[in-house]
Amino acid sequence: MIVQIWSATPTGVRGTLIQVEVHATGGLPRFYLVGLPDRTVNESRERIESALKSSATQFPRGRIIVNLAPADVHKEGSTFDLPIAVGLYGASHKDMIQRIAPLLSKTAFIGELGLSGECRSVRGVLPICLELKRQGFTRIVLPIHHVTEATLVNGLEIVGISTLREVFDWLHRGCPKEIFHDSRDDNSSKTRSPKKIKLPPFDGIVGQSFAKRAMVIAAAGHHHTLMVGPPGCGKTMLARSVRHLMPPMNEEERLDVLSIHSMVDASKRDHLQHDDFQQLTRPFRAPHTSATVASLLGGGQKATPGECSLAHHGVLFLDELAEFARNALEALRQPIEDRIITLTRQKRTVEYPANALVIAAMNPSPDGSWPDLLLQDEAQQRRAIRYQEKISGPLRDRFDLFVEMDRVDVASITESNTENKQDSMDEEDSLLDQIQEARNRQTHRYGCTLTNSALTAAQVKTSIKKHPSVEPLLSKAATSFGLSMRAVHRLLKVAQTIADLDGSDLVTTHHVAEALMFRPKRMNSTPVSESRMN
C-alpha cells in the first residue's frame, strides 16, 4: 500500500503543492528519498527516526521509498519532516489511514521535527496557506507557533500541534475539527506593551515647507523622491514621515507584505506583528550604504527576498545615496521601473514584488554643503559635481521628485516653539484626508489600486486629461530643462497627482508649473567651464 500525504513548499511568494508518497515493503532495511531533494531534506531521515522513537513509535522496518512529487521541482528546507513522518506512521497503521483517507485528501502537513518529536517553525507559512486555499484544501496541520499567522487566511481550518505525538493522537481520533491554542499567546497578550500614541506625520520637523509638500505629493501618487541637502536639514525625518502619510493598507496589501516577510528570518521582519493584522503599518526599510546587490534585490542559495521586496507597499529609504556601491545603485534601476524582481538560480526562477516607494537622500558635496557661487571656488564646485555624478543619469531619471534643501535658520526654530501645536495637528489631519481622497480619485479613475506613478506611457496619453494650454508649456519645459520623454511623462504624472490633491479633473498649467518646481536646479549645474574641468 502506498500512503499519500499532501504538503507544500514556498516558491517566491507563492506556494507549490507537494505530494509525499510512502511505500513500505518487506526485504532488507533500506530507505530511499527521491524527488530532487536538497541536503536538508535528505538529512530528514535521522530527525524523523529519532522523533518517531521519542513519540513511542518505531521506524518502519523493510524497504522504504519516499517520493516527493512532482519529481522535477527542487525540494528544499525542513518543511517535509512532518508529512514524511505522518506517511511512515501511516505505513504501519494502514487500517487507520484507509479510514481517514477522504479527510487526508483535503489536508496538508508542514513542519520541522526535532529529535524529541517537537514540531518547529518553518519559513513561508502564509504563502503556503494561501496556495492551499486556492487549490481547494480545507485543513492544514502545522507547528503551533504559526497558528496566528495561518488564521489570517479565511476558509482554512488550522490545526496547530506542539509534538509529533499530538498528530498521531489526532489521526486516531478521526481528524476532528479542533485547534490547539498556544498558551504563550495568552500570556503574551497580558504582558503586551500598550499601543504607541499616534503622532502627527511631521512631528518635530521645523520649516522645510517645500520638502513637506514633496512628501505629501510622493505619498499621494507613490512618486519616487530624491532629497539633496546639507546634514541636519531634516532629510531623514522627512523620509520617515512618508510612511505615516500613506493611506492604511487594505487586506490584500497586508497579506502581500506578510507573505514576503514570512520568507525571511524573524530578525529581518522589522516591526511587523501578526497578532495585530488590522493595525499593520507599512514597512519602512533603511539599508546601510554597505548593502550589496544581493541584500538589496534578494538572492542567496534559497533566493530569499531583499530589501526592495521587504519594503513592498511601504518605503525604501536610501540614506547617503552617493555612498552606496555603484553596481548596487545601478541594479536598482530595473526594480524601481518594473516594481518586480526576478531571481534566477540554477534549478528555479522566482519572482518577488517590489512596489516600494523609494525615498533617497544625499549631500550635495563631500563636505556636505552646497557650493557657494559667490565665492567662485572652482575646487569646491568641481568636488560637488564629481560627488553628484556618482548618481548616474539613468538612475536619476527614475525619480519623479527632486527636493533641494538648505539648513533651517534659527528664527524658524524659535517660531516653531511658540506656534499652536493643536493647529499644527489639525492641519496635518487635513493633509491625511487630502491624500486619502487623492488615492480614491486614482482608484476610481483606473478601476484598480493603480497609482499615478505606475502609469505606462500609453496610459499617460489616454488617462491624463489635460487643459489645452498644457501642451505648449510642456514643450517649452522639455526644451528649457532638457527633459527626456520619460522625464516628461513623469512630470505629467506628478502634475496629475497635484491635480488629484486639488480635487481637479483636469491637469492645468498651474499643476504643471508646480511639478516643474520639483525638477533639479542646483544639482550638476555649477558653472565650471569644461576646459577647467578637464
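Look above for the structure.
Now for a look at the structure at hand. (Residues numbered from 1 in each chain as written. Predicted model: local features only at pLDDT ≥ 70, side-chain atom pairs only at ≥ 80, totals over all residues. Heavy atoms only, no water.)

**Thoughts on the pairing of strand S3 (residues 30-34)**
Working step 1: Alternating residues of S3 divide into Phe31 and Leu33, all buried, and Arg30, Tyr32 and Val34, none buried.
Working step 2: The pairing of S3 with strand S4 (residues 63-69) spans five bridges and is classified as parallel. Paired with Leu33 across the bridge in S4 is Val66. (Buried < 20%, exposed > 50% of the residue type's maximum accessible area, 1.4 Å probe, protein only. Helix = DSSP H or I, 4+ residues; strand = E, 2+ residues; numbered from the N terminus. Pairing = 2+ DSSP bridges.)

**Focus on the nonpolar core**
Working step 1: Of all hydrophobic cores here, the largest spans 51 residues; its most connected members are Phe202, Met215, Met227, Leu238, Val242, Ile359 and Val512.
Working step 2: If one sorts the elements of this core by residue count, helix H23 (residues 485-502) sits on top with nine residues.
Working step 3: In terms of nonpolar packing, the next biggest core, distinct from the first, is built from 39 residues, Ile18, Ile48, Ala51 and Val159 among them. (Core = buried A, V, L, I, M, F, W, Y, C linked by side-chain atoms within 4.5 Å.)

**Some remarks on the pairing of strand S1 (residues 2-11)**
In regular strands, side chains alternate between the two faces of the sheet.
Working step 1: Bridging between S1 and strand S2 (residues 14-25) involves ten bridges; their strand directions are antiparallel. Paired with Pro10 across the bridge in S2 is Gly15.
Working step 2: Taken together, S1 and the strand that follows it, S2, pair antiparallel across an intervening segment of two residues, in which Gly12 is found at a positive phi of about 65°.

**Considerations on H23**
Working step 1: The end-to-end C-alpha distance of H23 is 26 Å, a good match for the 26 Å that 18 residues give at a rise of 1.5 Å each.
Working step 2: Buried residues dominate H23, accounting for 15 of its 18 residues.
Working step 3: Just beyond H23, the residue with positive phi is Gly503, at close to 75°. (Expected span 1.5 Å × (residues − 1).)

**Side note on helix H3 (residues 81-92)**
Working step 1: When the terminal C-alpha atoms of H3 are compared, their 17 Å separation across twelve residues agrees well with the 16 Å that a helix rising 1.5 Å per residue should span.
Working step 2: Across the twelve residues of H3, eleven count as buried, placing the element largely inside the fold.
Working step 3: For H3, the full list of buried residues reads Asp81, Leu82, Pro83, Ile84, Ala85, Val86, Gly87, Leu88, Tyr89, Gly90 and Ala91.

**Structural notes on the packing of helix H2 (residues 44-54) against H3**
Axes are the key here: two packed helices are described by the angle between their axes and the distance separating the axes.
Working step 1: Two elements in contact, H2 and H3, have axes separated by 10 Å at closest approach and are oriented at 55°. Of the possible angle classes, the one that applies to H2 and H3 is oblique. With respect to the hand of their crossing, H2 and H3 are arranged in right-handed fashion. Packed against H2, whose contacting residues are Ser44, Arg47, Ile48 and Leu52, the element H3 presents Asp81, Ile84, Ala85 and Leu88 at the interface. (Axes fitted to C-alpha atoms, helices over the stretch in contact; angles between N-to-C directions. Parallel < 35°, antiparallel > 145°, perpendicular 65-115°, else oblique. Left-handed = near helix turned anticlockwise from the far one by under 90°. Contact = heavy atoms within 4.5 Å.)

**Digging into the environment of Phe168**
Working step 1: Examined against the element boundaries, Phe168 turns out to sit in helix H8 (residues 164-172).
Working step 2: For the pair Phe168 and Tyr89, spaced 79 residues apart in sequence, the C-alpha to C-alpha distance is 8.1 Å.
Working step 3: Aside from chain neighbours lying at most four places away, what touches Phe168 is Leu52, Ser55, Thr57, Ala85 and Tyr89.

**Here's the deal with unusual backbone geometry**
Working step 1: Geometrically, the link from Ala69 to Pro70 is a cis peptide bond, its omega value of 5° lying close to zero.
Working step 2: Here the phi dihedral of Ala56 falls at roughly 60°; this positive angle occurs in a residue that is not glycine.
Working step 3: With respect to the helices and strands, Ala56 occurs in the loop between H2 and S4.
Working step 4: Residue classification places Ala56 among the exposed residues on the basis of a relative accessible area of 69%.
Working step 5: With a phi angle near 60°, His222 is a residue other than glycine that sits in the positive phi range.
Working step 6: You can see His222 is positioned in the loop between helix H10 (209-221) and strand S10 (225-228).

**Digging into the packing of aromatic side chains**
Working step 1: If you walk through the whole model with that rule in mind, you get five aromatic pairs.
Working step 2: Ring geometry for Trp6 versus Phe137: centroids 5.7 Å apart, planes at 75°, classification edge-to-face. Separated by 131 residues along the polypeptide, Trp6 in strand S1 and Phe137 in the loop between helix H6 (125-134) and strand S8 (139-143) bring together distant segments of the chain.
Working step 3: Using a relative accessible area of 23% as the deciding quantity, one classes Trp6 as partly exposed.
Working step 4: Plain terms: the ring middles of Phe31 and Phe59 are 5.8 Å apart, the flat faces sit at 55° to each other, and that makes the pair tilted. Here the residue Phe31 occupies a position in strand S3, and Phe59 occupies one in the loop between H2 and S4, the gap between them amounting to 28 residues. Side by side, Phe31 and Phe59 carry an identical accessibility label, which is buried. (Phe/Tyr/Trp six-rings, centres within 6.5 Å; stacked < 30°, edge-to-face > 60°.)

Function cannot be read off these values alone, since they describe shape.
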